[in-house]
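# A look at the structure
Given next are the chains, with one letter for each unit.
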Amino acid sequence: MSVTVVVGTQWGDEGKGKLTDLLAREMDVVVRYQGGHNAGHTIVVDGRRFALQLLPSGILYEHVTPVIGNGVVVDPGVLLSEIDTLAGSGIDCSRLVVSGNAHLIMPYHQELDALTERHLGRNKLGTTKRGIGPTYADKAARVGIRVQDLLDPKIFRQKLDVVLKEKNLILAKVYNRLPLSADDIAARYLDEFAPRLAPMIGDSVGVVHDALEGDRNVLLEGAQATFLDLDHGTYPFVTSSNPVAGGACVGAGIGPRHIDTVLGIAKAYVTRVGSGPFPTELTDEVGDLLVERGGEFGTNTGRRRRTGWFDAVMIRHAARLNSLSEVALTKLDVLDTLPELRVCVAYRVGATVHRHLPYHQSDLHDAEPVYEQLPGWQEDTSGATELSDLPAAAKEYVQFLSDQIGVRITRVGVGPGRDQFVPFAAL
Ligand code: GDP
Ligand code: IMO
Ligand code: MG
């Protein structure tokens, strides 16, 4: 029996989907524990690309029970269309268990997400406009509607009528929009979505604990990442859930004593989508090259990702917040053509040098990265399967990162394919 958490250590899109898929071979249950369809997790199998938003990345394996945990927010229309798309590729999703305690994303959540962003103007967060923030806000305000309410039309309608009254006032009086119809929403959710989802709605906590009691392996798949965490990220430029490893306990219904391994995923450089501070951001031709070679466009929204040098200060902090056991480093191959590389080892703020993340975010906005320069390898690494296949300078780069973050790097990604990983051991 083992429980592993896969967690993003930067600002998302580190390759969590790929790692989850890789580890899922040895897993019996894979649980998504937070977030919603703001996530985009890509898996490439034999040249076929699967971009998952809500479904756990273990879904491609028939032996895995995929679970959408209580911490997730679910847009049922998106979930069903994702299931249909996979069915079209021959992937059976009938094993899926969706927690009855997960909250539903409603049409007003999505509309309010977009309207709030527009209202914020140049101060916008750059959300995915999927309704994530408004849904978690309603959950906290205790006016949310849960997945299990789909099974009880009377309760669903009661809750909807109460909450929609207030939402329609906001839509009409604040944003000058047309009110939404409770009848239309109920028809879609209760008549269209509920009958299809009903067989999948269940006791996700029971599924996880039955697996553990049966000595089976469970993987908890994070979405988003440490620096998008509502509590620990670069607030307010964050998502509205807790992607950190502690969030896995809450979002899957498991105590911390059960967690055996926390696997942090880090890109060999850094990317960010949306607004917010980014000390090592590159706005020059090197940044463009990382976008181009790394295909750095959002899986989900198609937005161009901002790019920058690897930031060891961030990952040192991620190591603390998540109790990282080890790190998988992805996309090393993207750096193959660069003659030299930089790694941020500290921040300079005024006269002070910070090796750890400054607690005051204004310092982060003003932080000047202190870089160490390392030689590039200028060789194609994408065919490497063993450590000895990597050029010496590539191995030294990885070892340098591992020494700087103080956590073992155990795998290095050299391409998007399921098996494009090199096992790494300290040099
Ligand atoms: P996630 O959100 O953390 O699951 O990551 P995404 O799927 O949004 O973004 C990661 C992207 O990098 C995807 O397109 C992956 O196919 C791709 N990828 C993952 N690992 C590697 C790697 O080692 N090398 C390259 N070149 N691409 C990778
Ligand atoms: P995965 O799981 C990268 C970002 C958005 C925005 C902020 C808030 O694929 O790594 P939200 O819609 O969540 O309210 O947006 O968070 N964001 C992500 N960035 N990868 C993601 O997911 C993200 N999910 C949200 O761009 O800046
Ligand atoms: Mg992604």
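The structure this text deals with has already been given above.
Please read all numbers here as calculations on a predicted model, not as lab measurements.

## Comments concerning helix α2 (residues 76-88)
- Spanning 13 residues, α2 covers 18 Å between terminal C-alpha atoms, matching the ideal 18 Å at 1.5 Å per step.
- Measuring from the backbone nitrogen of Gly77 back to the side-chain oxygen at the start of α2 gives 3.1 Å, which picks out Asp75 as the cap.
- Looking one or two residues past α2, Gly90 carries a phi angle of roughly 85 degrees, positive in sign.

## Thoughts on the coordination of the magnesium ion (ligand 3)
- Summarising the metal site, the magnesium ion (ligand 3) is bound by the protein donors Asp13 (OD) and Gly40 (O), whose distances to it range over 2.0 to 2.2 Å. Here Gly40 lies in the loop between β2 (29-32) and β3 (41-45) and Asp13 lies in the loop between β1 (2-8) and α1 (16-23), a separation of 27 residues in the sequence.
- Residue Asp13 is classed as partly exposed on the basis of its relative accessible area, which comes to 23%.

## Overview of the sheet that holds strand β20 (residues 421-423)
- One open sheet accounts for 10 strands, arranged β9-β7-β5-β2-β10-β1-β11-β15-β19-β20; its pairing is mixed. Only two strands of the sheet have a single neighbouring strand rather than two, namely β9 (201-202) and β20.
- Across five bridges, strand β11 (residues 261-267) lies against strand β15 (residues 326-330) in parallel orientation. Each residue of the ladder has a partner; that of Lys267, found in β15, is Thr330.
- Along the sheet face, helix α8 (residues 245-252) touches β1, β2, β10 (217-221) and β11 and points at about 120 degrees away from the line of β1.

## Topic: the packing of α2 against helix α6 (residues 182-197)
- Interaxial distance between α2 and α6 falls to 10 Å at its minimum, and their mutual angle equals 45 degrees. For the element pair α2 / α6, the angle class is oblique. For α2 against α6, the interelement crossing comes out left-handed. Along its contact with α2, which presents Pro76, Gly77, Leu79, Leu80 and Asp84, the element α6 presents Tyr189, Phe193, Arg196 and Leu197.
- Here the contact of α2 with α6 is built from residues that sort into six nonpolar, one polar and two charged.

## A look at the site of ligand 1
- Neighbouring ligand 1 are 19 residues; Lys16, Gly17, Gly40, Thr42 and Asp333 lie closest to it.
- The separation between an oxygen atom of ligand 1 and a polar main-chain atom of Glu14 is 3.1 Å.
- Measuring from a nitrogen atom of ligand 1, one finds a backbone N or O atom of Gly415 at 3.1 Å.
- Starting from 580 Å² of accessible surface for ligand 1 in isolation, the protein chains cover 93%.
- Secondary structure elements with two or more residues in the shell around ligand 1: α1 and β3.
- For the shell around ligand 1, the leading source of residues is α1, giving three residues.

## Examining α6
- When α6 is considered as a whole, its buried residues turn out to be Ala182, Ile185, Ala186, Tyr189, Leu190, Phe193, Ala194 and Leu197.
- Contact partners of the buried residues in α6: α2, β8 (103-104), α3 (107-120), α5 (153-174) and β9.
- At the N-terminal boundary of α6, the capping side chain belongs to Ser181, with an oxygen 3.3 Å from the backbone nitrogen of Asp183.

## Overview of the site of ligand 2
- Of all residues adjacent to ligand 2, which total 20 residues, the nearest are Lys16, His41, Thr128, Gln224 and Thr239.
- Measuring from an oxygen atom of ligand 2, one finds a backbone N or O atom of Asp13 at 2.9 Å.
- Here Gln224 contributes a backbone N or O atom positioned 2.8 Å from an oxygen atom of ligand 2.
- Here ligand 2, which alone exposes 550 Å², has 98% of that area covered by the protein.

## Side note on the pairing of β11
- The buried count for β11 comes to six of seven residues, which makes it a mostly enclosed element.
- As paired elements, β1 and β11 share five bridges and run parallel to each other. Paired with Gly8 across the bridge in β11 is Ile265.

Rules and cut-offs
- Residues numbered from 1 in each chain as written.
- Chains lettered and ligands numbered in written order.
- Predicted model: local features only at pLDDT ≥ 70, side-chain atom pairs only at ≥ 80, totals over all residues.
- Heavy atoms only, no water.
- Helix = DSSP H or I, 4+ residues; strand = E, 2+ residues; numbered from the N terminus.
- Expected span 1.5 Å × (residues − 1).
- Polar contact = N/O pair within 3.5 Å; in protein donor to acceptor, adjacent residues only side chain to side chain.
- Donors = N, O, S within 2.8 Å, 3.2 Å for Na, K, Ca; no water.
- Buried < 20%, exposed > 50% of the residue type's maximum accessible area, 1.4 Å probe, protein only.
- Pairing = 2+ DSSP bridges.
- Contact = heavy atoms within 4.5 Å.
- Axes fitted to C-alpha atoms, helices over the stretch in contact; angles between N-to-C directions.
- Parallel < 35°, antiparallel > 145°, perpendicular 65-115°, else oblique.
- Left-handed = near helix turned anticlockwise from the far one by under 90°.
- Nonpolar A, V, L, I, M, F, W, Y, C, P; charged D, E, K, R; others polar.
- Near = heavy atom within 4 Å.
- Areas by Shrake-Rupley, 256 points an atom, 1.4 Å probe, with all protein chains shown as cover.

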